[in-house]
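# Survey of secondary and tertiary structure
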Amino acid sequence: MTSKIFKYCMISTLVAIIVTIGLFFNVLYHEFENSTMDNLKEEVALVKVGVDHEGIAYFDDVNVAQRVTIIDQSGDVIYDNVTDEEDLEDHSDREEVIEALDSGWGYATRYSESIGKQSIYVATLLENGDILRISTTADTTTTVLLRMSVHIVWIVLIVMVVTFLIAHRLAKKIVKPINEIDLDGTNLIAPYKELNPLYSKIERQNYTISKQLNELQKRQDEFKLIVRNMNEGIIMINKEANIITINHAMKALFKIDDVDVGDSVYEIYRSQDFMKAVEEVLAGHKQNIHIEKDKRIFDVIMGPAKNDEEEVEGATIIIFDITEKELQEKMRREFSANVSHELKTPLTTISGFAEIMKNGVADINDTKELAGNIYDEAQRLIKLVEDIIHLSSLDAKAKVHEHEEVDLNKLTNEVFDHQKPSADKKKISLEVDGEAKIIGSYSVLEEMINNLVDNAIKYGNEGGYVKVILKEDERNTYISVEDNGIGIPADSKDRIFERFYRVDKSRSKELGGTGLGLSIVKHAVLYHDGEITVDSDLKKGTTFKIILPKKD
Ligand code: ADP
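The model shown is predicted, which means the values in this text are computed figures rather than measured ones.

### Examining the environment of Ile496
When you line up the elements, Ile496 lands in the loop between strand E15 (476-483) and helix H12 (505-510). Judged by its relative accessible area of 7%, Ile496 is buried. As for Ile496 and Gly517, which are separated by 21 residues in sequence, their C-alpha atoms are 9.4 Å apart. Those residues in contact with Ile496, other than ones at most four positions away along the chain, are Ile488, Tyr501, Val503, Leu518, Val534 and Phe544.

### Here's the deal with the domain arrangement of the protein chain
By domain assignment, the protein chain separates into domain 1 (2-146), domain 2 (230-321), domain 3 (326-395) and domain 4 (403-549). When each unit is reduced to the centre of its C-alpha atoms, the spacing between domain 1 and domain 2 is 105 Å.

### Examining the side chain of Asp80
Inspection of the secondary structure assignment puts Asp80 in strand E2 (residues 77-80). A polar contact of 2.8 Å, which involves the side chain of Asp80, links it to the backbone nitrogen of Val82. Looking at Asp80, its side chain comes within polar contact range of the main-chain nitrogen of Thr83, at 2.9 Å. Residue contacts for Asp80: discarding those within four places in its chain leaves Arg67, Val68, Thr69, Glu85 and Leu88.

### Notes on the sheet that holds strand E5 (residues 131-137)
Across a sheet, strands are paired by hydrogen bonds formed along the backbone, either parallel or antiparallel in direction. Sheet architecture is open: five strands sit in the order E2-E1-E5-E4-E3, paired in antiparallel fashion. What marks the edges here is a single partner per strand, and that holds for E2 and strand E3 (105-112). Strand-to-strand twist in this sheet, taken as the mean axis angle between neighbours without regard to direction, amounts to 20°. Bridge analysis of strand E1 (residues 67-71) against E2 gives three bridges, and the strand direction is antiparallel. By the bridge assignment for E2, Ile70 is matched with Tyr79. Each of E1, E3, strand E4 (117-125) and E5 touches helix H3 (residues 95-103); the most contacted strand, E3, lies at about 175° to it.

### Re the pattern of salt bridges
The final tally for this structure, using the stated rule, is 23 salt bridges. For Asp321, the salt bridge is made with Arg296, and the minimal N-O distance between the two is 2.7 Å. Here Asp321 is found in strand E10 (residues 312-321), whereas its partner Arg296 is found in strand E9 (residues 296-306), with 25 residues between them in sequence. Judged by relative accessible area, which is 27%, Arg296 ranks as partly exposed. Of the charged contacts, one joins Lys383 and Asp387 as a salt bridge, the two residues approaching to 3.1 Å between their closest N and O atoms. A residue pair is termed a helical-turn pair when its members lie 3 or 4 positions apart in one helix, as Lys383 and Asp387 do in helix H9 (residues 367-395) at four residues.

The rules behind the values
- Residues numbered from 1 in each chain as written.
- Predicted model: local features only at pLDDT ≥ 70, side-chain atom pairs only at ≥ 80, totals over all residues.
- Heavy atoms only, no water.
- Helix = DSSP H or I, 4+ residues; strand = E, 2+ residues; numbered from the N terminus.
- Buried < 20%, exposed > 50% of the residue type's maximum accessible area, 1.4 Å probe, protein only.
- Contact = heavy atoms within 4.5 Å.
- Domains from an automatic or database assignment.
- Polar contact = N/O pair within 3.5 Å; in protein donor to acceptor, adjacent residues only side chain to side chain.
- Pairing = 2+ DSSP bridges.
- Axes fitted to C-alpha atoms, helices over the stretch in contact; angles between N-to-C directions.
- Salt bridge = Lys/Arg side-chain N within 4 Å of Asp/Glu carboxyl O.

Structure, rendered in structure tokens:
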């Protein structure tokens, strides 16, 4: 830019000098011409006096330095001190002659054919009517100007050197603030007003760029936030299978704190299946595999990342922990198998007894007992089906049950009324202590407390007790069901809430248990967003503790 400004300065100065000199010479030339004409006029006036007085004879004594011509009224040259009069043509058409004849004086500047030079003419009318004309060549003017031009060349050279220095400085001065512009700055103040448009443009550009950068940053932050807070593991890899993004969930799922951006994706998991899937996805094919790590099961989905030309640039790998899902699926399969088995057993028994009665094989006296057995098994079936229905209604998680304020003391007493015959049989006392109210489903809470009291009686010892203690504070309602029965072995405590799990299967069956009671209790607690724990000492007794949060 500096050299451009410099070049333009030099060129414009040169042009200015050339134009100035041209004009100067022009003006000078005309000035010289006018002054020459004035001198000639004075000379013509002097000679006129002499010629008027003496005629052509005047020139015998006086030697005039300039060319003198006398032309008669018809235009013939009667005297010329430079050229032979005979050689000169008719002069009546000459501009200065016509003018002199007309007004007394005539002037002209033109190229003289006779002497072959640019000439200046001044003519005057003599008393006898002839024309006296004195002329001089323009050579003097040109010579003077040529002599001057030597000096002018010097002047031009000096001006050019000065211009060179000034242009150099000027170019630097103009460019310096431009080079020093702080492009990132705001409120830019231009060092001179000619730069204002440039500065405003830069400011506008800066504003647009920073807006776009902010937008970009925002999107990147959003993306990072989403990726960071995702429960699923996310990895992005380039086509060399090196990690370019990895989120915290991924590191946590695979317990790989030391693996980071830049490492090979194979660092996170080494297996033939995984390596093959990565190779395949980088070849452009989607992949979905299951892998197992530290007893957890992961669903791995891989998708190729392609550019506009459909070339694979890398891949995205999403990893889901599906352990719970798989576990639930396993439980569901086991539950179906258990339900079938639990239903089949009483049905087989019923079918067997009924067959004996149908075939008339049984003694008439045994009929009552057989019918009694059928009735018991049918009751067990009914209980089982009821429990399954309860369980599935709670399992569905939808709050299908109506909610109301439930007085737990009152509810417990109603449960006791229902359970009293069974308790009396074993001389077990039923006590309720404390008051508590809760917003919840009456039927679900009743089923929950009933199942716990039922178990406490079933697995209670003769002459024992069942105590329900109710408490509440601002945040929670506390229910505990305590007995001094047979207790639960330590290794079974974690399993008693599983469907169909029974510590002693035959004893449970004998007591009319389905193995679903505590599972229903747990789901009833979860249904009310609560928690349940169990404290139990073998042969000493068991306490189930429930905490139900109060709703706002
Ligand atoms: P069940 O129909 O067999 O009672 P539950 O799901 O109600 O099934 O209980 C699961 C198992 O937990 C029972 O079989 C029993 O072994 C044990 N259990 C439950 N409650 C008590 C208790 N209060 N005292 C001792 N054992 C209990």
